[in-house]
Amino acid sequence: MKEFTGFLRGIDLGGWISQCVGNNYSEEHYSTFITAADFDRIAGWGLDHVRLPFDYNVVMTDSGEFIESGFKHIDFAVDECEKRGLNIVLDLHKTAGFVFDNADCFDFFDSAELQDLFVKLWIEMTKRYGNRKNVVFELLNEVTDEAVAQKWNKIAARTIGEIRKLNNDIRIIIGGIHNDSIEGLSLLEKPAFDNIVFTFHCYDPLLFTHQRAYWVPEMPSDYSINYPASEKKILDESKRLFVNKFLDGLEENEAPMSSEFFERIFKDAIEIAEKNDVPLYCGEYGVIDRADPQSTLNWFRDIHAAFEKLGIARAAWNYKDKDYGIIDEHYDAIRDELVKLL
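Sequence order as written defines residue numbering, which begins from 1 separately in each chain. Local features in this predicted model are restricted to residues whose pLDDT is 70 or higher, and side-chain atom pairs enter the listing and the counts only when it is 80 or higher, whereas totals over whole chains, interfaces and linings include all residues. Calculated side-chain values reflect all of the structure's heavy atoms, with hydrogen atoms and water omitted.

1. Focus on unusual backbone geometry
Link 1 in the chain: Of note, the bond from Asp204 into Pro205 is cis; its omega dihedral lies within 30 degrees of zero at -15°.
Link 2 in the chain: Elements are defined by DSSP. Helices are runs of H or I of four residues or more, strands are runs of E of two residues or more, and each kind is numbered from the N terminus. Take Pro205: it is sitting in the loop between strand S7 (196-202) and helix H9 (206-209).
Link 3 in the chain: A cis amide bond, omega 5°, links Tyr227 with the succeeding residue Pro228.
Link 4 in the chain: Within the fold, Pro228 resides in the loop between H9 and helix H10 (231-242).
Link 5 in the chain: Even without being a glycine, Arg212 presents a positive backbone phi close to 65°.
Link 6 in the chain: For Arg212, the location among the structural elements is in the loop between H9 and H10.
Link 7 in the chain: Note on Arg212: relative accessible area 29%, which makes it partly exposed. The classification of residues rests on relative accessible area computed with a 1.4 Å probe and restricted to protein chains. Under 20% of the type maximum is buried, over 50% is exposed, and intermediate values are partly exposed.

In structure tokens form, the structure reads like this:
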């Protein structure tokens, strides 16, 4: 499998100019949530890149006019990374007419007008950042419904075609349906261009990484489970709580989970990447701050062992806040060991 050079070990900056904490899309939030000191810390951890989620409404109005005050924050991130030898993924987390965590926001896939805005934004991004050597583009975060898989393939191919008219070299990341699941990669068509990267996200087993998550339907607010547990226990508990959801990859195995679980579930992603001759990137993975800290560290050790063995590039979710913030108080007891694994 091709290596995603320069993006082997990274971290997400979610909550800054995307999914803004408290829905606070304000200049005060943008200018204080992440500062130069944060890039110093990330570089000091020995990471090679950050993944920067951004929402379209930070840099573009609904009528398609660009917002210069929004672009200055992307400029700042790109510049601060470059100063420290860090690379950066510019990830469109929300586009006009679609956001991954809102089932009612889905017009994008059937609207030529909204798709035109999407292409227009990526053309502008290419003009501004396409020649920056430390920048990679990620077209759209976590396409959800399988029903739009082929529509997404066509939109992605069209958009990449427009980018390639301006720049042949910048690497472009695309993911599949079911929230960038490994299963979703099987329905993803590689566009007929070079420098393409396939991405997936991993929060398996979800029962552990999302325990007590208020946004997961049927998840009890007081539920807790440690890691490692057996796959059978997690499978049985998932069936009890969610019926037939969140069971992918789990087997009737009584032994405690280990890195072999992740190696097994990553196998299909590796095969798809090799078949398409593209690098593979896990753009998000992490454990909610309701989980037991030692269990969190155990989980990170296992998933990282699989990443290292299989040569999968990755970025941990999340640097700060968003229920997964590694610099937040919950992770104090394990942070030093955790950072060594990133």
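2. Observations concerning the packing of helix H4 (residues 68-83) against helix H5 (residues 112-129)
Packed helix pairs are specified by the crossing angle of their axes together with the interaxial distance, meaning the distance between the axes.
Link 1 in the chain: Fitting a line to C-alpha atoms yields each axis, with helices limited to the stretch in contact; the angle taken between N-to-C directions then spans 0 to 180 degrees. Two elements in contact, H4 and H5, have axes separated by 12 Å at closest approach and are oriented at 50°. Our classification of the angle between H4 and H5 gives oblique. Read as a crossing pair, H4 and H5 show a hand that is right-handed. In this structure, H4 uses Glu68, Phe71, Ile74, Asp75 and Val78 to contact H5, whose residues at the interface are Leu121, Glu124, Met125, Arg128 and Tyr129.
Link 2 in the chain: Across the contact of H4 with H5, the residue classes break down as six nonpolar, no polar and four charged. Convention used here: angles under 35 degrees read as roughly parallel, angles over 145 as roughly antiparallel, angles from 65 to 115 as roughly perpendicular, and any remaining angle as oblique. Take the far helix as your reference; a near helix turned counterclockwise from it by less than a right angle gives a left-handed crossing, and one turned clockwise gives a right-handed crossing. Contact between two residues is taken to exist if any of their heavy atoms lie within 4.5 Å; hydrogens are not considered. Under the scheme applied here, ten amino acids are nonpolar (Ala, Val, Leu, Ile, Met, Phe, Trp, Tyr, Cys and Pro), four are charged (Asp, Glu, Lys and Arg), and all others, including Gly, are polar.

3. Describing the packing of H5 against helix H6 (residues 149-166)
Link 1 in the chain: H6 packs onto H5 with a crossing angle of 30° between their chain directions and a minimal axis gap of 9 Å. As for the relative orientation of H5 and H6, their crossing is right-handed in sense. Counted together, Gln115, Asp116, Phe118, Val119, Trp122, Ile123, Thr126 and Lys127 of H5 and Trp152, Ile155, Arg158, Thr159, Glu162, Ile163 and Leu166 of H6 form the full contact between these two elements.
Link 2 in the chain: Classifying every residue of the contact of H5 with H6 gives eight nonpolar, three polar and four charged.

Purely geometric stuff here, so don't read any function into it on its own.
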